[in-house]
Amino acid sequence: MIVFEFLINAISLGSLYALIALGLVIIYGILKMVNFAYGELIMIGGYLLYLVGLNTNIPWLIVAVIAVIGAMVVSYFTELVAFRRVRVKSLTALLITTFAVSTLLQNGALLVISPRAKAVALPQIFSTSISIFGVGTPVRNILTIVISISMLIGLTILFRYTILGIALRAAADDFQMTRMLGVPANLVISSAFVISGAIAGVVSLFWVGRTASVTPTIGQGPLLIAFVATVIGGMRSLVGAVVGGFVYGVIFSFIGVLLPQVLLDYREAFMFLIVILILLWRPEGLVKVKYAEERVG
Amino acid sequence: MLRVEHLRVRYGAITALHDISLSVEEGELVALIGVNGAGKTTIISTIAGIVKAVNGSIIFRGQSLIGKSPEDILRLGIAVVPERRHIFPSLTVEENMRLGAFSRHNRSEYRRDLDEIFGLFPVLKERFHQIGGTLSGGEQQQLAIARSLMAHPELIMLDEPSLGLAPSLVDQIFSLIVTLQSRGTTILLVEQNVERTLEIANRLYLVNTGRIEMEGSPEQLKSQAAIKDVYLGEGKSGGGKP
């Protein structure tokens, strides 16, 4: 029954990491830009949970919705105010702008709120356990699985069946051609940022839920996870990001169980060792595209 | 319908187009010919709004296209089938077609257009659920043209549609271009296959190092020694592109 508990844990982490990675790769696919300010969207979600949750009597579920919407709005505005201006310039300029936005948001939180961790009020459900097959399992883990997977299903439907989703995938294939078919560039990019923000918002609920506190640098961890997961899975596809994130989460859980107590501090080092091995085995990532890249007519 | 005047385009320090003036009338099939690097693709890209002009004007149906975005230009009625097709390789044929119809909203119209296009491109019906990147070169070219037709363009610009295709497919593409014109679409065609282009075009422009070197009907151009020399392999230097 230990196995069952472990499985729930691994799947929970895997599905959360899959979501984290997807939020990053949606933007990367279209703009070929790694959004280093992605982690700060998770931070924004966390601080909204703290600020709104602590100072009002609004039910937690509504606070959570506010946090998600807040992350979406901030994501939208980072694109509108910062990235749109430099998009037509070089990719390097764009990348550095993402660093700037990241630093700006982090320091903003540092100044306006506090450099120290703030406790976030969470509903009872985050700290209770239920018994499944006689094993005490934290409800939070099951909730993470259910919400992450529903979100992934929802996004799959969006990407597969709606014209906006198809346009987003097309833009990731060939942005200029997408525009030449009459799809407005700004619509595609703004939508990608809003979706990425929504994912970051949902992630923030569970990320903050693990420690019940929020700091200005809380986004750094998920950003690194997202980055590594997309590298493992294959940067070029949404499916790759999801697979990469899931594999990352599951392996990370495994290491936690298999490593002896004394080595547990080196968990991340072991994780990256495995990442290197995966990349040696499949340099293009786990998920390869199914067609040959065409260069010459 | 389309009037380009004194167009000048630069890529950094290099001037790609020096002074291009050309026109396309309603219902015409106009071709741009010339060696690689002459600037034909740049002309198309500038009209489509991808490349910015330094100087000159582009007027389509009385409206200036200078400074307009590619998406706006498509909505005005100009579609592009770019060189090397640029189909979306990870999308299915169906999804490619749906995007082609992005600028149109009516769902029942989409069905009807699709049926009509299947009449012209039966192979796309067979491949409807297949991923674009797995189609053959000829099928991809057909998909690229079919996709652009979904937007109901009044002017369609085809850049090297026969590039890299087997001879039998080249025939198919050329007869398709003729069919498109007979259906009332105006066409601006860029082609390397000068011999075949001379058979179907109403008028041609010979582009050379960013300038229009010659203009005229196929008969007029055929009589020019330079054309024979460079493109048809009849002159003493011979050996031009087939």
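Q: Before we move on, can you summarise the overall build of chain B with the specific residues and values?
A: Of the regular secondary structure elements, chain B holds ten helices and ten strands. At 18 Å, chain B has a C-alpha radius of gyration in line with the 18 Å of a compact globule built from 242 residues. Residue burial in chain B is summarised as follows: out of 242 residues, 45% are buried. A sequence separation of at least 24 residues applies to 64% of the contacts in chain B between residues at least 6 apart.

Q: Can you break down the overall build of chain A residue by residue, with the values?
A: In terms of regular secondary structure, chain A is built from eleven helices and four strands. Rg of the C-alpha trace for chain A: 19 Å, near the compact-globule value of 19 Å for 297 residues, within the 12% margin. Reported as C-alpha extents along the three principal axes, the dimensions of chain A are approximately 60 × 45 × 35 Å. Across chain A, every contact between residues at least 6 apart in sequence was considered, and the portion connecting residues at least 24 apart equals 76%.

Q: Hey, could you go over the pairing of strand β4 (residues 55–60) of chain B for me, with residue numbers and the actual values?
A: Residue and element names in this part refer to chain B. As defined by bridge partners, strand β1 (residues 2–11) adjoins β4 across five bridges and the pair is classed as antiparallel. The residue of β4 that forms the bridge with E5 is S57. When β4 meets strand β5 (residues 63–64), the two strands line up antiparallel, connected through two bridges. When the sheet's bridge partners are listed, I59 is paired in β5 with S64. Where β4 folds back onto β5 in an antiparallel hairpin, the turn is made up of two residues, including R61, whose phi is positive at roughly 50°.

Q: Any chance you could break down the packing of helix α2 (residues 38–55) of chain A against helix α4 (residues 91–112) of chain A for me, citing the residues and the numbers?
A: All names here are of chain A. Where α2 contacts α4, the axes come no closer than 9 Å and their chain directions differ by 25°. Between α2 and α4, the angle falls in the class roughly parallel. You can see that α2 and α4 cross each other, and the crossing is left-handed. Across the interface between the two elements, G39, E40, M43 and Y47 of α2 pack against S102, L105, Q106 and A109 of α4. In terms of residue class, the contact of α2 with α4 is made up of four nonpolar, three polar and one charged.

Q: An account of the nonpolar core is needed here, citing residue identities and associated values.
A: In summary, soluble globular proteins display a tendency toward joint burial of nonpolar side chains. Counting 154 residues, the largest nonpolar core has Y17, A21, L22 and V203 of chain A together with M157 of chain B as its most contacted members. The leading source of residues in this core is helix α1 (residues 2–31) of chain A, at 17 residues. What L22 of chain A contacts, discounting residues up to four positions off in sequence, is L155, I199, L238, A241, V242 and G245 of chain A.

Q: Quick one: what's the story with the environment of R111 of chain B, residue by residue and with numbers?
A: By secondary structure assignment, the location of R111 of chain B is in helix α4 (residues 107–120). The exposure class assigned to R111 of chain B is exposed, which follows from the 10 C-beta atoms found within 10 Å.

Q: With reference to specific residues and values, describe the interface of chain A and chain B.
A: At the junction of the two partners, chain A supplies 21 residues and chain B supplies 28 residues. Every element with two or more residues in the side of chain A that touches chain B is listed here: α6 (163–173) and α7 (175–180) of chain A. Looking at the side of chain A that touches chain B element by element, the count peaks at six residues for α6 of chain A. Tallied by class, residues from the side of chain A that touches chain B come to 13 nonpolar, three polar and five charged.

Q: Can you break down helix α8 (residues 185–211) of chain A residue by residue, with the values?
A: If you check α8 of chain A, its first and last C-alpha atoms are 39 Å apart, about what 27 residues at 1.5 Å a residue would give, namely 39 Å. Of all 27 residues in α8 of chain A, 19 are buried, a share of seventy percent or more.

Q: Before we move on, can you summarise the packing of α2 of chain A against α8 of chain A with the specific residues and values?
A: All names here are of chain A. Running from amino to carboxyl end, α2 crosses α8 at an angle of 55°, the nearest separation of the two axes being 8 Å. Between α2 and α8, the crossing angle belongs to the class labelled oblique. Between α2 and α8 lies a crossing of right-handed hand. Together, Y38, L41, I42, G45, G46 and L49 of α2 and S196, G197, A200, G201, V203, S204, L205, W207 and V208 of α8 make up the contact between the two elements.

Q: Lay out unusual backbone geometry in plain terms, naming residues and giving numbers.
A: Residues and elements named next belong to chain B. The backbone of H6 shows a phi angle near 50°, a positive value even though the residue is not glycine. Note on placement: H6 falls in strand β1. Of the residues examined, H6 has 13 C-beta atoms within 10 Å and is grouped as partly exposed. Positioned with a positive phi, E160 is a non-glycine residue whose angle comes to about 50°. The topology assignment puts E160 in the loop between β7 (155–159) and α7 (167–182). The exposure class assigned to E160 is buried, which follows from the 22 C-beta atoms found within 10 Å.

Calculation criteria
Residues numbered from 1 in each chain as written. Chains lettered and ligands numbered in written order. Predicted model: local features only at pLDDT ≥ 70, side-chain atom pairs only at ≥ 80, totals over all residues. Helix = DSSP H or I, 4+ residues; strand = E, 2+ residues; numbered from the N terminus. Rg over C-alpha atoms; globule rule 2.2 N^0.38 Å. Buried ≥ 20, exposed ≤ 12 C-beta atoms within 10 Å, placed from the backbone. Contact = placed C-beta atoms within 7 Å. Pairing = 2+ DSSP bridges. Axes fitted to C-alpha atoms, helices over the stretch in contact; angles between N-to-C directions. Parallel < 35°, antiparallel > 145°, perpendicular 65-115°, else oblique. Left-handed = near helix turned anticlockwise from the far one by under 90°. Nonpolar A, V, L, I, M, F, W, Y, C, P; charged D, E, K, R; others polar. Core = buried A, V, L, I, M, F, W, Y, C linked by C-beta atoms within 7 Å. Expected span 1.5 Å × (residues − 1).

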